[in-house]
Amino acid sequence: ARLREYQLHQYRDGRFELRLDTQGDPDPRLIAAVRETWNAHAGDATLDIIRVDAISNTIGQKSQDFTSDFFPSIHEGS
């Protein structure tokens, strides 16, 4: 109930970062469930989970659930 928005980001070094925009601290049960699922399916990929105050939307005010250093952001245009 505290989760407002999320975004998964992929870094070039193979790490991933899950950004959570939550009302207050993220629910520990959510964090545990995400980590359990990630560890079961993501192999050796590292996942950092952080809380953020907001997740940037695109120019058209659409959210972007996944971003990657391998691809330009839709915020940058084409």
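Residues numbered from 1 in each chain as written. Predicted model: local features only at pLDDT ≥ 70, side-chain atom pairs only at ≥ 80, totals over all residues. Heavy atoms only, no water.

(A) The overall build of the chain, seen in detail. The number of helices and strands found in the chain is one helix and four strands. Each of the 78 residues in the chain was classed as buried or not, and the buried ones make up 29%. Summing over all exposed atoms, the chain offers an accessible surface of approximately 5,600 Å²; the carbon and sulfur share of this is 51%. (Helix = DSSP H or I, 4+ residues; strand = E, 2+ residues; numbered from the N terminus. Buried < 20%, exposed > 50% of the residue type's maximum accessible area, 1.4 Å probe, protein only. Areas by Shrake-Rupley, 256 points an atom, 1.4 Å probe, with all protein chains shown as cover.)

(B) Spatial organisation of the packing of aromatic side chains. A full pass over the atoms with the stated rule returns one aromatic pair. Taking the ring centre of Y11 as reference, the NZ or CZ of R15 above it sits at 4.2 Å. (Phe/Tyr/Trp six-rings, centres within 6.5 Å; stacked < 30°, edge-to-face > 60°. Lys NZ or Arg CZ within 6 Å of the ring centre and 35° of its normal.)

(C) A look at the pairing of strand β1 (residues 3-10). In this sheet, strand β2 (residues 16-22) lies alongside β1 in antiparallel orientation, the contact comprising seven bridges. Pairing of L3 across the sheet is with T22, part of β2. What sits between the antiparallel neighbours β1 and β2 is a turn of five residues, in which G14 has the positive phi angle 100°. Alignment of β1 against strand β4 (residues 66-68), held across three bridges, turns out to be parallel. In the strand pairing of β4, H9 is matched with T67. (Pairing = 2+ DSSP bridges.)

(D) Spotlight on the side chain of S68. For S68, the location among the structural elements is in strand β4. S68 sits in the buried class, given a relative accessible area of 8%. A polar contact of 3.0 Å, which involves the side chain of S68, links it to the backbone nitrogen of F70. With sequence-adjacent residues up to four places away left out, S68 is seen in contact with H9 and Q10. (Polar contact = N/O pair within 3.5 Å; in protein donor to acceptor, adjacent residues only side chain to side chain. Contact = heavy atoms within 4.5 Å.)

(E) Looking closely at the pairing of β2. By the criterion of burial, β2 is predominantly enclosed, with seven of the seven residues buried. Pairing analysis gives six bridges linking β2 to strand β3 (residues 47-52), with the strands arranged parallel. Its bridge partner being in β3, D21 is matched across the sheet by V52. In this view, the connection linking β2 to its parallel neighbour β3 by way of helix α1 (residues 28-41) has right-handed handedness. (Right-handed = clockwise from strand over helix to strand, strands pointing away.)

(F) View of the sheet that holds β4. One open sheet accounts for four strands, arranged β3-β2-β1-β4; its pairing is mixed. Of all strands in the sheet, those bounded by a partner on one side alone are β3 and β4. Direction aside, the axes of adjacent strands within the sheet are offset by 25° on average. The sheet strands contacting α1 are β1, β2 and β3, and the helix crosses β3 at an angle near 155°. (Axes fitted to C-alpha atoms, helices over the stretch in contact; angles between N-to-C directions.)

By themselves, these are just geometric observations and shouldn't be taken as functional.
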